[in-house]
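What follows is the residue order along each chain.
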Amino acid sequence: MTQNKDKDNSHESNTAYTEEQQVLVNRTLFYQECMYYDILEVPRRSPIEVISKSYRRLSLQLHPDKNKAPRAEEACKVINNAYDKLSDTESKHLYDTVELPNIEEHLRQRNRSHSYPAEAEQNAQNQTYCDHQHTFVRPKTLFERMDEDFVKFLLLVGIPILILLLYPVISYLFSSNEIFMLRRSGVYTEQRFTSVRRIPYYVKKGYQPSNLQAYHDLENNVELKYYRIKNPYS
């Protein structure tokens, strides 16, 4: 009879746990597994030295050999996963680029008050954060940035070149109603000379003034334009 009581007492001592141990387990499981900084009880973007120090403390407090509270082993796996994510330089950098929503501070305040809802309620409250965390923008690679720079280069250099190439066409469209040109251009292919000063000019093939006055006006306009180009300040 005495031996049975000793066994019962021994069993109770092995499974006994403090209220602080249960609170620590509940606090760890309160957050979604993606909330690594909160799980490890360190400020966001903490250096690896601070993260490692807090992890060692929590791993000792939550280890199943020392903490017999329900779900202590599960909580220990959660902090191990959080440390794996934040101890890797690249993984930590990507995680730190995520902008946390306001729900993080709300959950932290709930944690301070030691109010731990049921697991279903936790998931519902924290899902907003985790959805946001998984939609972070991946940093652009070197080749992607080079492609963007090449497009900018084309816009800055290509557009002026295109305008220069299209200038003759644009000039032709705006000058097609002119009677003459001083240089061969487009449809102005037939060369003629003024009767007095023999200034060359070009008209459309087969063009003839409608009367003598129109012919004199044409030659006067040719000479006027010619001398304006030769002496722009006169």
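So, how was this worked out
Along each chain, numbering runs from 1 in the same order as the chain's sequence is written. With pLDDT at 70 or above as the cut-off, local features in this predicted model cover only qualifying residues; side-chain atom pairs require 80 or more to be listed or tallied, and sums for whole chains, interfaces and linings still use all residues. The side-chain numbers reported here are obtained from all heavy atoms of the structure, hydrogens and water having been left aside. Secondary structure counts use DSSP, requiring at least four H or I residues in a row for a helix and at least two E residues in a row for a strand, with both numbered from the N terminus. Throughout this description, buried means an accessible area under 20% of the type-specific maximum (1.4 Å probe, protein chains only), exposed means over 50%, and partly exposed covers the range between. Two residues form a contact once any of their heavy atoms are found within 4.5 Å. For every accessible area listed, the method is Shrake-Rupley and the probe measures 1.4 Å; residues are considered covered only by the protein chains on display. The definitions used throughout rest on a 1 Å grid laid over the protein atoms alone, on which a cavity is an enclosed set of points accommodating a 1.4 Å probe that cannot get out and a pocket is an open set flanked by protein within 12 Å on both sides along at least five of seven lines; lining residues are those having an atom within 4 Å of a point. Grid points are joined across faces, edges and corners, and a volume is the space filled by probe spheres set on the points. Gly is placed with the polar residues, together with every amino acid not listed as nonpolar (Ala, Val, Leu, Ile, Met, Phe, Trp, Tyr, Cys and Pro) or charged (Asp, Glu, Lys and Arg). One number per residue, pLDDT, summarises how confident the predictor is, and it ranges from 0 to 100. Only residues above 30% relative accessible area that lack a salt bridge enter a patch, with like-charged residues linked at up to 9 Å and the nonpolar side chains Val, Leu, Ile, Met, Phe, Trp and Tyr linked at up to 5 Å. We define a salt bridge as a contact between a side-chain nitrogen of Lys or Arg and a carboxyl oxygen of Asp or Glu at a distance within 4 Å.

Peer 1: Mind showing me how you'd approach the overall build of the chain here?
Peer 2: Broken down by element type, the chain carries ten helices and three strands. Across the chain, helices and strands are ordered from the amino to the carboxyl terminus as α-α-α-α-α-α-α-α-α-β-β-β-α. In the chain, which comprises 234 residues, the share counted as buried stands at 29%. When contacts within the chain are restricted to residue pairs at least 6 apart in sequence, long-range pairs at least 24 apart make up 55% of them. Carbon and sulfur atoms make up 56% of the accessible area of the chain, which amounts to about 16500 Å² in all.

Peer 1: Where do I start with the layout of surface pockets in this structure?
Peer 2: Empty space among the atoms becomes apparent when a probe as large as a water molecule is rolled across them. Of the voids in this model, the largest pocket is the one considered here, and its volume is about 210 Å³. Along its surface, the largest pocket is lined by Met-181, Leu-182, Arg-183, Pro-200, Lys-225, Tyr-226, Ile-229 and Lys-230. The dominant element in the lining of the largest pocket, judged by the number of residues it contributes, is helix α10 (residues 212-230), at four residues. Among the residues forming the lining of the largest pocket, the class breakdown is five nonpolar, no polar and three charged.

Peer 1: Would you mind showing me how to read the confidence of the model for the chain here?
Peer 2: Fine structural detail should not be taken from predicted coordinates in areas where pLDDT scores are low. Looking at the chain, the pLDDT average stands at 76 and 67% of residues meet or exceed 70. For the chain, helix α8 (residues 119-133) is the element with the lowest average pLDDT, namely 46, and strand β3 (residues 200-204) is the one with the highest, namely 93. Predicted confidence is poor over residues 114-137, with pLDDT under 50, and the contacts of this stretch with residues over four places away or in other chains come to 44 contacts.

Peer 1: Would you explain a nonpolar patch on the surface in this entry?
Peer 2: Taken together, the side chains of Phe-150, Phe-153, Leu-154, Leu-156, Val-157, Ile-161, Leu-162, Leu-165 and Leu-166 define a hydrophobic patch exposed on the protein surface, amounting to about 910 Å² of accessible area. As for its position among the elements, Ile-161 is in helix α9 (residues 142-175). Since its relative accessible area comes to 45%, Ile-161 is described here as partly exposed.

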